Each structure stands twice: as C-alpha cells, then as structure tokens.
Amino acid sequence: MNVPFLDLKAQLAPLRSEINAAISEVLDTCAFAGGPFVAKFEEEFAAFCQCPQAIGVGNGTDALWFALLALGVGPGDEVITVPSTFMATAEAISFTGAKPVFVDIDETTYTLDPRHLERAVTPRTKAIIPVHLFGQTADMDPILEFAAARGLYVVEDACQAHGAEYKGRRAGSLGHAGCFSFYPGKNLGAVGEAGAVVTRDASLADRIRVLRDHGQIRKYQHTHVGWNGRMDGIQGAALRVKLRHLARWNTQRRAHARRYNELLADVPGLKLPTEAGYARHVYHIYPVRVARRDETLAALGKLGVNCGIHYPIPVHRQDAYASLKLGPGSFPVAERCSDEFLSLPMFPELTPEQVEFVAKSVREVLASQSVSSSASAAKA
Ligand SMILES: *Cc1c(COP(=O)(O)O)cnc(C)c1O
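Below, the structure is looked at part by part.

Rules used in this analysis
Residues numbered from 1 in each chain as written. Predicted model: local features only at pLDDT ≥ 70, side-chain atom pairs only at ≥ 80, totals over all residues. Heavy atoms only, no water. Pairing = 2+ DSSP bridges. Helix = DSSP H or I, 4+ residues; strand = E, 2+ residues; numbered from the N terminus. Axes fitted to C-alpha atoms, helices over the stretch in contact; angles between N-to-C directions. Parallel < 35°, antiparallel > 145°, perpendicular 65-115°, else oblique. Left-handed = near helix turned anticlockwise from the far one by under 90°. Contact = heavy atoms within 4.5 Å. Expected span 1.5 Å × (residues − 1). Buried < 20%, exposed > 50% of the residue type's maximum accessible area, 1.4 Å probe, protein only. Arc of directions from axis to C-beta. Near = heavy atom within 4 Å. Polar contact = N/O pair within 3.5 Å; in protein donor to acceptor, adjacent residues only side chain to side chain. Areas by Shrake-Rupley, 256 points an atom, 1.4 Å probe, with all protein chains shown as cover. Nonpolar A, V, L, I, M, F, W, Y, C, P; charged D, E, K, R; others polar.

Moving on, we come to the sheet that holds strand E12 (residues 279–280). Reading across the sheet, the three strands line up as E7-E6-E12 and stay open at both edges, with antiparallel pairing between neighbours. The two strands at the open ends of the sheet, each matched to only one other strand, are strand E7 (169–170) and E12. Summarising the sheet, strand E6 (residues 165–166) and E12 pair through two bridges and their orientation is antiparallel. Of the residues in E12, the one forming a bridge with Tyr166 is Ala279.

Here you go:
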C-alpha cells in the first residue's frame with residue numbers, strides 16, 4: 001500500500017464540476033482581480049471565523065505583513081513570536097522593518113509558552129504573534145491578558161488553524177487580527193495562492209483594504225504607500241465552493257487523529273500529539289515525536305508511508321536569521337522538537353485502511369529500531 005502525505009487530487013475530484021462552474025462564472029464576468037467573488041468569499045469566511053470583517057489578500061504571508069503594517073508596526077519595533085513555525089511568520093515581521101524576538105514553545109501544545117513573555121518584552125515591543133501550529137491554538141487568555149496590560153497588539157498566525165477553537169471561540173477571532181493562508185495544502189486551500197485577515201476592528205479592516213490595493217482609498221487616489229496584495233477572483237470563487245466543506249473536512253481530520261491515537265497509544269518511544277483542554281484541534285498536521293527521526297522517516301518511506309517534517313530547522317537557526325546570533329540552545333524545546341517531529345499522513349480523504357496501515361508501519365519500524373539498538377548495546 002502507498003499512503004501519500006497529502007492527496008489534493010482526492011479532495012478536488014468530487015468538487016471538480018462545481019469548481020469548474022465557479023471558475024467559468026469568473027471568466028464570464030472577467031472579475032479577475034478582487035471583485036464580487038472575493039467580496040462574497042470575504043463575507044462567508046468572516047462568518048465562519050465568527051468575526052465581522054475579512055479581507056482577502058494574495059497569500060498568508062501578505063495577511064501577516066498587512067496586519068502588522070496596518071497596526072503601525074515598523075522600524076525600531078519588536079514583535080514577539082515563536083521559532084517553531086514556518087518562515088513566513090518571521091519574514092512578515094522583518095518586512096515591516098521590525099525585529100522578530102523569539103520565545104520558546106510549550107512542550108505539549110507546541111505553541112507559544114506565555115510564561116516566557118515577561119523575559120522577552122522590552123519598551124520596543126509592539127505586538128505578539130502566537131502561531132496556532134498544526135491546527136491547535138496557543139493558550140490565548142494569558143497571552144491576551146499580558147498584551148492588554150502592556151498595550152501590545154496580538155496578531156494570530158492562524159494559517160494552519162481554519163476552524164480551530166479556543167474555549168469555543170474560533171481561531172482568528174481572538175486577537176486584534178487573525179491571519180490565514182489558503183495555500184493549496186492548508187485545511188482550506190485555494191486552487192492557487194490566497195490568504196485573508198479577519199478582525200473585529202472595522203477601522204483596522206479599512207486600513208488593510210487600502211494597503212492591499214496600492215494605498216488607494218478610491219481609484220488613483222493614494223493616501224498611503226501600499227502594495228498589490230489583492231486576492232485573485234478565481235481563488236475567491238473556488239474558495240467559496242470549498243468553504244462549504246471545511247467543517248466536514250475538519251471533522252474527518254479529527255476522526256483520523258483519534259484513530260491514530262488509539263492505534264499508536266502503547267508504542268514505546270513514540271510521543272503523540274495532545275489536544276489541550278481549551279482546544280478544538282483541527283489537525284492540519286498530525287505530528288508525532290521520535291528519537292531517531294530521520295531514520296524513521298526513511299524506513300516509513302520504504303514501506304510506502306510518506307511523512308513530512310514541520311519543521312526541520314527552527315526559524316532562529318536559519319541562515320537568514322544568522323544576524324540575530326541565536327545559537328544552539330537558545331530555545332531548547334523548539335530545538336528538541338524540530339529534531340524529533342515527524343508528520344504522519346493527514347488529509348480528510350484518508351481511508352480507514354490507510355490509517356491502519358500507517359499505524360501498523362510506525363509500530364513495526366519503531367519495534368525494529370528497539371531490537372537493533374538493544375543488539376548494539378549488547379555488543380558494546
Ligand atoms: C502557510 C503558512 C504561512 C504562510 O502562508 P502562505 O500562504 O504560504 O504565504 C504562514 N504561517 C504559517 C504558520 C503557515 O503554515
């Protein structure tokens with residue numbers, strides 16, 4: 001059996017004629033850049049996020065960048081985030097001219113550990129970006145309280161958490177702004193690149209709408225130096241079709257995670273992901289932790305189980321951020337996790353047989369490792 005890490009074809013196939021029709025409608029009206037299909041999607045996605053405002057943009061990186069810019073983050077400022085994330089979180093901070101300041105993650109949720117905020121904050125701190133990594137939100141109440149007490153903004157990186165919940169509230173609706181990516185592999189994926197910011201603040205939403213459209217308040221009247229960060233009309237139309245299935249897809253992901261948890265519960269040397277008491281996890285990724293990760297990844301690949309690593313190098317250890325001079329040991333939890341993380345196949349269309357095959361293969365590979373390590377221990 002071969003189990004892909006992700007199967008976009010399986011998701012597209014049953015929606016193919018509906019998406020074709022949606023794209024045809026865009027072609028018929030030539031509403032290619034922004035326009036009515038994007039506006040309708042914005043309305044529907046805002047409702048999904050339990051937020052009054054959504055602004056469609058070019059991708060998730062734009063969403064983070066525009067949110068920070070619209071909050072006035074710029075040169076001389078610092079923005080606190082985690083090193084255990086996709087590079088884009090830190091890039092967006094750097095592209096405002098501000099400096100990313102990292103804090104370590106919590107060992108069980110893999111999200112920002114609020115206990116480290118006090119040590120990271122300085123008079124230059126302007127905002128905090130908690131990352132809802134893998135589909136589970138950070139512990140938002142202590143983060144929001146810390147920020148409110150010091151007048152800091154909170155921008156949620158919800159790029160992996162469409163539909164996740166914190167104490168019954170939707171990811172993205174908790175801070176000043178929530179940023180989403182619709183990169184094709186995300187829980188809600190476009191048929192190309194797209195992203196969105198959601199917010200409860202109407203004036204912040206207006207500023208982002210101006211920024212994403214060259215700083216124009218109306219045609220050829222530019223009040224700000226903005227950028228071209230509009231959402232493409234075809235993406236808006238396709239996302240409207242796919243949004244109707246997101247809740248069901250998330251439920252399917254949760255069912256697969258539950259099944260993995262049952263089948264793998266007693267495997268020695270394997271750490272499973274956990275769902276925090278406050279959370280509804282939507283399992284963008286199902287990350288396990290193993291000591292001999294690279295070897296495990298290769299052995300599973302040979303059996304036909306295709307895994308991923310999210311992410312092999314924490315952001316503070318990337319060459320791009322060498323200038324921050326954050327050596328090994330700066331963030332021990334994030335560094336340990338990046339050595340041990342292994343993402344098992346996870347997508348809504350996984351079959352029960354595939355889930356069972358993945359679990360059986362993981363069990364076999366880890367059992368053979370413990371035999372070979374006890375054999376080498378006996379020799380030594
Ligand atoms: C995907 C992702 C982004 C960036 O989104 P793009 O649409 O690829 O620009 C940012 N942060 C996280 C955590 C992501 O997973």
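Now for the packing of helix H3 (residues 36–48) against helix H9 (residues 233–264). One way to put it is that H3 packs onto H9 with a least axis distance of 8 Å and a crossing angle of 30 degrees. Between H3 and H9, the interaxial angle falls into the category roughly parallel. Crossing angle aside, the handedness with which H3 passes H9 is left-handed. The residues of H9 that touch H3, namely those facing Phe37, Val38, Lys40, Phe41, Glu44, Phe45 and Phe48, are Gly233, Gly236, Ala237, Leu239, Arg240, Leu243 and Leu246.

An ideal rise of 1.5 Å per residue puts 18 Å on 13 residues; H3 measures up with 18 Å between its terminal C-alpha atoms. When we look at burial in H3, the residues that qualify are Phe37, Val38, Phe41, Glu42, Phe45, Ala46 and Phe48. Mapping the buried residues of H3 onto a view down its axis gives an arc of 160 degrees, with all of them on the same face. H3 presents Glu43 and Ala47 as exposed residues on the side facing more than 90 degrees away from its buried surface. Contacts from the buried residues of H3 go to helix H2 (16–29), strand E1 (53–57), E7, strand E8 (177–181), strand E9 (195–199) and H9. Taken from the residues just after H3, Gln50 is the one with a positive phi, measuring 55 degrees.

What follows concerns the site of the ligand. The full set close to the ligand counts 14 residues, and Gly60, Thr61, Asp157, Ser181 and Lys186 are the nearest of them. A distance of 2.7 Å separates an oxygen atom of the ligand from a polar atom in the backbone of Gly60. Here an oxygen atom of the ligand and a side-chain polar atom of Lys186 are 3.0 Å apart. Here the ligand, which alone exposes 380 Å², has 93% of that area covered by the protein. Those elements that provide at least two residues to the shell around the ligand are helix H4 (60–70) and helix H5 (88–94). Class assignment for the residues of the shell around the ligand results in five nonpolar, seven polar and two charged.

Coordinates in, geometry out; function isn't part of it.
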